[in-house]
Amino acid sequence: MSDNRPTMIDTDVHNSMTGKQDLLPYLPKAYHQAWLAYGAGYGGSYLGTGAHSVTRRDARPDGGGPPASDPNYVIRHHLAPYGIDYAILTGSGILGISLVSDPDYGNVIARAYNDWLADTWLKASPRYKGSILINHSDPQAAVQEIERMGPHPDMVQVIMCSGSRNLFGQRMFHPIYEAAERHGLPVAIHPGTEGRGNAGPPTPSGHPTRYFEWHNIIPINYMSHVNSLVCEGVFEKFPELKFVAIEGGFAWLPHLMWRMDKNYKGLRDQVPWLKCKPSEYIRGHILLTTQPIEEPDDPAHLGQILDMIGGDHMIMYSSDYPHWDFDNPKVALRSIRRELRQRIFADNAIQLYGLSEKPGEGASV
Amino acid sequence: MTGREGKQAYPVARVGDFGEADRLVVQVKNVEIGLFKVGNDYYAWRNLCPHAAAPICAGTVCGTMLPSGVYEHEFGREGEIVRCPWHNWEFDLRTGELLADPSVKLRGFELVREGEELHLLL
Ligand code: FES
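Residues numbered from 1 in each chain as written. Chains lettered and ligands numbered in written order. Predicted model: local features only at pLDDT ≥ 70, side-chain atom pairs only at ≥ 80, totals over all residues. Heavy atoms only, no water.

The name given to chain B in an unreviewed UniProt entry is Rieske 2Fe-2S domain-containing protein, with the source organism recorded as Paenibacillus sabuli. Of the comments in the UniProt record for chain B, the one headed Sequence similarities (unreviewed entry) reads "Belongs to the bacterial ring-hydroxylating dioxygenase ferredoxin component family." (UniProt positions renumbered as here; feature names shortened; annotations may be inferred.)

You'll find chain A entered in an unreviewed UniProt entry as Amidohydrolase, with Paenibacillus sabuli given as the organism.

Structure representation (structure tokens):
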């Protein structure tokens, strides 16, 4: 293996603006007032006691501004100390633009954000790779945005929030997958918007009471989307498409695979377009990121779950920097067998995002 | 009568025994066996589903949705499929294979037709 091969890729780093004004140069004048007044506009989060902060208290840049708003500080504070070669940027406080009621607003903010990202973070260091933000509630506009930004050499995937009014396998979303597949870009989803804006409630029985309860149950939305993608034949229709489930856990996957495979044997005729077991589509097309990694009392159980999933190529390391539920790469994956750990730290992301060489010139600060 | 490969041939039914039915259940050496008529052909399968031991002969003989493109529905193979009465697994009556996973199969027996007689080789 070449010395120049990356050894760690962080697949979920939340690059932030220093403030709303950062977006103004990229936003049509008609939207300036609204952006300054409402921001991303998809509502507040579930309440806790007030003691909890979503961002890490140690992550404020020394030059001021919100956590992860200074690309150079993030290299010094996070990438360099942990030996992270690349950070896949997933945005901050903006993913939920798919869930505002005004689709024109969502579309224009997505465009402005992508231009800002390309102009700032992606120019700051070759260590940073971008995710093209789309408004999934307006699939036609989302396709246009993928066409517009897809050719950018440092954009490595499409990203959308996992909160939604509809399950992601449904046909209204297929144009998004067609465009992403054509550009060779995975489609990623990221949580945090469940039950916010005009997304459906986070559970079929309504809203959890507190942030703790809400955070615990995010994986049911991920299960719902993965189930829908497979059953609706998305991966039959788009055989090259990869779908990245960021920050939704993975220990639930064996249960879902087993349940889907079992039902498929008796109910196959409802989805005659599936040509193999549902779990095979999952293994062939779904990737998942580690953070917040499940922490069973017996750490060995985690490795057993990974064996049950049966896809060493499916899991990628993520830290969620600078958020509170950060996973320290030196600690979080210790119980996982070594060769799988290396795949999780780098190899799987190298393959998915085509990052086979360490970043070149200008990579250090 | 002694059949091929030294197997014993048991006369299990006459073709006319089927009447309008698509199956008959017979017993040979204490084993329950389903005889299925598919078109003009006859097949013998053990009356035991490989999943959880349901009496497969109590299932429905039917057609099903053929493998198709996404969002297409094409019905076919009428009379060639048996659906287990318990968990609805679909088996191909000609091959015994589970449609969803051909590595799973009904246990089959050789059946030969001699004029009007059906002989099971065991
Ligand atoms: S016993 Fe036949 S499908 Fe379960």
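More follows now that the structure is in view.
You'll often see interface size given as the accessible area lost when the parts meet. Across the contact, 19 residues belong to chain A and 19 residues belong to chain B. Between chain A and chain B lies a buried interface of about 1500 Å² when both sides are counted; carbon and sulfur atoms form 58% of it. A per-residue breakdown of the area chain A buries against chain B is headed by A:Lys265, A:Arg268 and A:Trp273, which together make up 42% of the total. Inspection of the region where chain A meets chain B yields 2 salt bridges. Across the pair B:Glu90 and A:Arg268 runs a salt bridge whose closest N-O atoms are separated by 2.8 Å. At the boundary of chain A and chain B, one finds 8 residue pairs in polar contact (both at pLDDT 80 or more). When contributions to the side of chain A that touches chain B are tallied by element, the ones reaching two or more residues are helix 9 (234-237) and helix 10 (253-267) of chain A. Looking at the side of chain A that touches chain B element by element, the count peaks at 4 residues for helix 10 of chain A. Residue composition of the side of chain A that touches chain B, grouped by class: 3 nonpolar, 6 polar and 10 charged. (Contact = heavy atoms within 4.5 Å. Buried area = accessible area lost by both parts, 1.4 Å probe. Salt bridge = Lys/Arg side-chain N within 4 Å of Asp/Glu carboxyl O. Polar contact = N/O pair within 3.5 Å; in protein donor to acceptor, adjacent residues only side chain to side chain. Helix = DSSP H or I, 4+ residues; strand = E, 2+ residues; numbered from the N terminus. Nonpolar A, V, L, I, M, F, W, Y, C, P; charged D, E, K, R; others polar.)

Residue and element names in this part refer to chain A. Contact pair helix 3 (residues 103-119) / helix 5 (residues 139-149): the axes reach a minimum separation of 10 Å and the direction vectors enclose 15°. In terms of orientation, helix 3 and helix 5 fall into the roughly parallel class. Classified by chirality, the crossing of helix 5 by helix 3 is right-handed. Counting all contacts with helix 3, which are made through Asn 107, Ala 110, Arg 111, Asn 114, Asp 115 and Ala 118, the residues of helix 5 involved are Ala 141, Glu 145, Arg 148 and Met 149. Taken together, the residues that form the contact of helix 3 with helix 5 break down as 4 nonpolar, 2 polar and 4 charged. (Axes fitted to C-alpha atoms, helices over the stretch in contact; angles between N-to-C directions. Parallel < 35°, antiparallel > 145°, perpendicular 65-115°, else oblique. Left-handed = near helix turned anticlockwise from the far one by under 90°.)

What follows covers the sheet that holds strand 2 (residues 23-28) of chain B. Through backbone hydrogen bonds, the strands of a sheet pair up, either in parallel or in antiparallel fashion. Residue and element names in this part refer to chain B. On the basis of which strands lie adjacent, the open sheet formed by 6 strands has the order 1-11-10-4-3-2 and antiparallel pairing. Each edge of the sheet is formed by a strand with only one pairing partner; in this case those strands are strand 1 (9-14) and strand 2. Looking at each pair of strands side by side, their axes are set apart by 30° on average, direction ignored. With 2 bridges connecting them, strand 4 (residues 41-46) and strand 10 (residues 108-114) associate as antiparallel partners. Residue Ala 44 lies in a different strand from strand 10, and its bridge partner there is Phe 109. (Pairing = 2+ DSSP bridges.)

In this structure's numbering, the residues bearing the UniProt feature "domain: Amidohydrolase-related" (unreviewed entry) are residues 109-355 of chain A. Structurally, residues 109-355 of chain A comprises 44% helix and 11% strand, and the distance from its first C-alpha atom to its last is 28 Å.

With that out of the way, let us pick up the side chain of A:Asp320. By the element assignment, A:Asp320 lies in the loop between strand 8 (315-316) and helix 13 (338-353). If near-sequence neighbours (up to four positions away) are discounted, A:Asp320 is found in contact with A:Asp10, A:Asp12, A:His14, A:His190, A:Glu247, A:Gln291 and A:Asp325.

This brings us to the pairing of strand 3 (residues 31-38) of chain B. All names here are of chain B. One ladder, built from 6 bridges, connects strand 2 with strand 3; its direction is antiparallel. Paired with Gln 27 across the strands is Glu 32, a residue of strand 3. Hairpin remark: strand 2 followed by strand 3, antiparallel, with 2 residues in the connecting loop; positive phi at Lys 29, about 50°. Note that strand 3 and strand 4 share 6 bridges and pair antiparallel. From the neighbouring strand, Ile 33 faces strand 4, where its bridge partner is Arg 46.

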